[in-house]
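Here is how the chains run, residue by residue.
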Amino acid sequence: MIELKNVTKRYGSLTAVDDVSFSVKTGECFALLGPNGAGKTTIVKVLLDFIRPSSGVLSISGIPSTHAECRQSIGYLAENHHIPPSLSGWEYLMRSAELLEINRSEAIYQCNRIVELIGMQGRENTKVGTYSKGMVQRFGLGAALMGDPKLLILDEPTSGLDPIGIREIRRLLESFKDQGMTIFLNSHMLSEVEKICDTAAIINRGKLLVKDSISAIVKDGEALEDVFVRLVKG
Amino acid sequence: METSKSLLPITRITKYTLIDEVQQRSFVVMFVFCAICIFLVRGCYQGNYMVNGQALDAETIVRTLSKATFHVIGAGVMVITALLSMRLFRRDRNEGMQSCILSKPIARWQYVMGKILGLWVLSTLFMFILHSIVFLITSINLKVFMPGYLFASLLCSINLLFVVNAVLLLSLLMSEIVAFLCVLGVGVVGFVSDGIVAASQSQIAQAMVQQSAGHPQTDLTWWKIVYFFWPKLLGVQQLASSLIESKSSHGFVPIYPLFNVLIYCLILGALLFKRFRNEDIV
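The structure contained in this document is the topic of the report that follows. Note that this is a predicted model, so its numbers are computed, not measured.

## Concerning the overall build of chain A
Phase 1 of the analysis: Along its length, chain A carries 8 helices and 10 strands.
Phase 2 of the analysis: A globule of 234 residues ought to have a C-alpha radius of gyration of about 17 Å, and chain A, at 18 Å, matches this closely.
Phase 3 of the analysis: Taking all 234 residues of chain A together, the buried fraction comes to 47%.
Phase 4 of the analysis: A separation of at least 24 residues holds for 67% of the contacts in chain A among residues at least 6 apart in sequence.

Right, dumping it as structure tokens:
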């Protein structure tokens, strides 16, 4: 589904991503882990063609990531998601549907379904300017779910959410995984990752340290957090 | 089929740009302020004006003043368009719309095209409504009908496209306020230089040049080249205002300014697409 080959991204003398290669299979729930500034968000942005790599090749479903068509069945939630404050949550979801060329009746149906899914019934028609950070994040996730994407790219999806919200997102991700959706998760929440994901990659200072199944990364008696700390601290 | 498919996202982004701008309080305030100013000017049409001791007839006053108002609105809306354009990309970036749109199957050129069209349509409508107010005042209240006034307004929109393209491009290369000031500078220099050239072609200036013919002349050839290629924003306005005249006794009107500004629009547009293609979406 996702393939990165020798991807490097440099900002002047700083190498944010250094010759990273890995792939994510269809239906896999994959987590990209790393400390702050490791290059996780850069990889996500390169994948979405928000940033052009200095070298290397990326493809989604066999289509180069520079082609807009490869984003036809992708849902993306940005870290610290923003929504124009002049819009209501409903209008934002409708815009997401329109941009995916979903017809109006289907868009209304999907918006209603998503509002229920993200637990925002009754608040969808108020302006985003009045929403809390967690509510904005929920509508961001809702927009990412529009059009039933085959691949969900989530950059810190639980950012700004309270413990109940985090648990709801985890349940949602588990249900998407059961439906066969490919999930690319960029997260700091190692305990959540351990519960949801099948595979993970750990990067530090732009370099890929490990990419394997969670069961192969985590040895007996260890937690993912222990492995993470051991690998990152070298 | 392919063309209509690629046009659909452009029309959507154009629509969102229009809606988002109109919902801004600053836009509404600017529009209302401009409309009130135009209404207040209507008193000037009914005054008594003397030129060389002779009173001007009402129709001449109306035609002259409405032409002057036409130019003031044209220049004013150019400044307002520059103000609206300078923060367009930044606001979209800060409010998350840029990443929302570009994470969908929409190419960057479609996004930029939608933004350009949205702002161009909005500023053209802004100017057209202000010109329409003048047109209605002169037609209904003063019984002076100038059918070319609204066509002239539409022709002037070429200048607005220039401003949109220039400010959007420069806002990607420098801070927004500097981009705004640069385009404002281009406009002011163009207006002043056109004014100087017009004044130098007057009879008094020609006589002064003839008197000083004995003095050594400095070589101004390169200035002439710069002047020739400088964006002819005032030239387009003058060309447009020539449409306001009902009589065609004013002779040949040069259409070079129109080509000049259109070529600038194409060049700036191409540079904008090229620059945005490599822009990091953050």
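## Regarding the nonpolar core
Phase 1 of the analysis: Counting 137 residues, the largest nonpolar core has A:Leu93, A:Ile153, A:Ile183, A:Phe184 and B:Val167 as its most contacted members.
Phase 2 of the analysis: No other element matches helix H7 (residues 148-173) of chain B, which puts 14 residues into this core.
Phase 3 of the analysis: Both of domain 1 (1-73 + 151-234) and domain 2 (81-149) of chain A provide at least three residues apiece to this core.

## Focus on the pairing of strand S7 (residues 151-155) of chain A
All names here are of chain A.
Phase 1 of the analysis: With 5 of its 5 residues buried, S7 lies for the most part within the structure.
Phase 2 of the analysis: What you see with S7 is no split at all: Leu151, Ile153 and Asp155 on one side and Leu152 and Leu154 on the other are buried throughout.
Phase 3 of the analysis: Relative to S7, strand S6 (residues 74-77) is paired through 4 bridges, and the arrangement is parallel. The residue of S7 that forms the bridge with Tyr76 is Ile153.
Phase 4 of the analysis: Strand direction decides the pairing type here: S7 and strand S8 (residues 182-186), joined by 5 bridges, are parallel. When the bridges of S8 are listed, Leu152 appears paired with Ile183.
Phase 5 of the analysis: Taken together, S7, helix H5 (residues 163-178) and S8 constitute a β-α-β crossover, and its handedness is right-handed.

## Some points on the pairing of strand S1 (residues 2-11) of chain A
Regular strands have side chains that alternate between both faces of the sheet.
Residue and element names in this part refer to chain A.
Phase 1 of the analysis: In the sheet, S1 pairs with strand S2 (residues 14-24) via 7 bridges, with the strands oriented antiparallel. Residue Ile2 lies in a different strand from S2, and its bridge partner there is Val24.
Phase 2 of the analysis: The loop that links S1 with its antiparallel partner S2 comprises 2 residues; one of these, Gly12, has a positive phi angle of about 65°.
Phase 3 of the analysis: With 5 bridges connecting them, S1 and strand S4 (residues 55-60) associate as antiparallel partners. In the sheet register, Leu4 faces S4, and the bridge partner there is Leu58.

## Side note on the sheet that holds strand S3 (residues 29-33) of chain A
Residue and element names in this part refer to chain A.
Phase 1 of the analysis: The strand order across the open sheet built from 6 strands is S6-S7-S8-S3-S9-S10, with neighbouring strands paired in mixed fashion. Bordering the open sheet on either side are S6 and strand S10 (207-213), each of which pairs with just one other strand. The sheet shows a mean angle of 15° between the axes of neighbouring strands, taken without regard to direction.
Phase 2 of the analysis: Those strands touched by helix H4 (residues 133-145) are S6 and S7, and its axis lies near 170° from that of S6.

## Quick notes on the packing of helix H2 (residues 89-99) of chain A against helix H3 (residues 104-117) of chain A
All names here are of chain A.
Phase 1 of the analysis: Taken N-terminus to C-terminus, the directions of H2 and H3 make an angle of 130°; their axes are 10 Å apart at the nearest point. In this view, H2 runs oblique relative to H3, as classed from their interaxial angle. Of the two possible hands of crossing, H2 and H3 adopt the one that is right-handed. In contact with Trp90, Leu93, Met94, Ala97 and Glu98 of H2, H3 contributes Ala107, Gln110, Cys111 and Ile114.
Phase 2 of the analysis: Residue composition of the contact of H2 with H3, grouped by class: 7 nonpolar, 1 polar and 1 charged.

## Some words on H3(A)
Residue and element names in this part refer to chain A.
Phase 1 of the analysis: Taking 1.5 Å per residue as the helical rise, H3 with its 14 residues ought to reach 20 Å, and the 20 Å between its terminal C-alpha atoms agrees with that figure.
Phase 2 of the analysis: Every buried residue of H3 is listed here: Ala107, Gln110, Cys111, Ile114 and Val115. The buried residues of H3 all sit within an arc of 135° when viewed along its axis, so they share a single face. Facing away from the buried surface of H3 by more than 90 degrees, the exposed residues are Ser105, Glu106 and Glu116.
Phase 3 of the analysis: Here the buried face of H3 lies against H2 and H4.
Phase 4 of the analysis: Of the residues one or two after H3, Gly119 is the one with positive phi, at around 70°.

## Here we look at the sheet that holds S4(A)
Residues and elements named next belong to chain A.
Phase 1 of the analysis: Across the sheet, 4 strands lie side by side as S2-S1-S4-S5; this open sheet has antiparallel pairing. Since the sheet does not close on itself, it has two edges, and those belong to S2 and strand S5 (63-64), each with one partner.
Phase 2 of the analysis: This element, helix H1 (residues 40-47), spans S1, S2 and S4 of the sheet and lies at about 65° to S2.

About the thresholds
- Residues numbered from 1 in each chain as written.
- Chains lettered and ligands numbered in written order.
- Predicted model: local features only at pLDDT ≥ 70, side-chain atom pairs only at ≥ 80, totals over all residues.
- Helix = DSSP H or I, 4+ residues; strand = E, 2+ residues; numbered from the N terminus.
- Rg over C-alpha atoms; globule rule 2.2 N^0.38 Å.
- Buried ≥ 20, exposed ≤ 12 C-beta atoms within 10 Å, placed from the backbone.
- Contact = placed C-beta atoms within 7 Å.
- Core = buried A, V, L, I, M, F, W, Y, C linked by C-beta atoms within 7 Å.
- Domains from an automatic or database assignment.
- Pairing = 2+ DSSP bridges.
- Right-handed = clockwise from strand over helix to strand, strands pointing away.
- Axes fitted to C-alpha atoms, helices over the stretch in contact; angles between N-to-C directions.
- Parallel < 35°, antiparallel > 145°, perpendicular 65-115°, else oblique.
- Left-handed = near helix turned anticlockwise from the far one by under 90°.
- Nonpolar A, V, L, I, M, F, W, Y, C, P; charged D, E, K, R; others polar.
- Expected span 1.5 Å × (residues − 1).
- Arc of directions from axis to C-beta.

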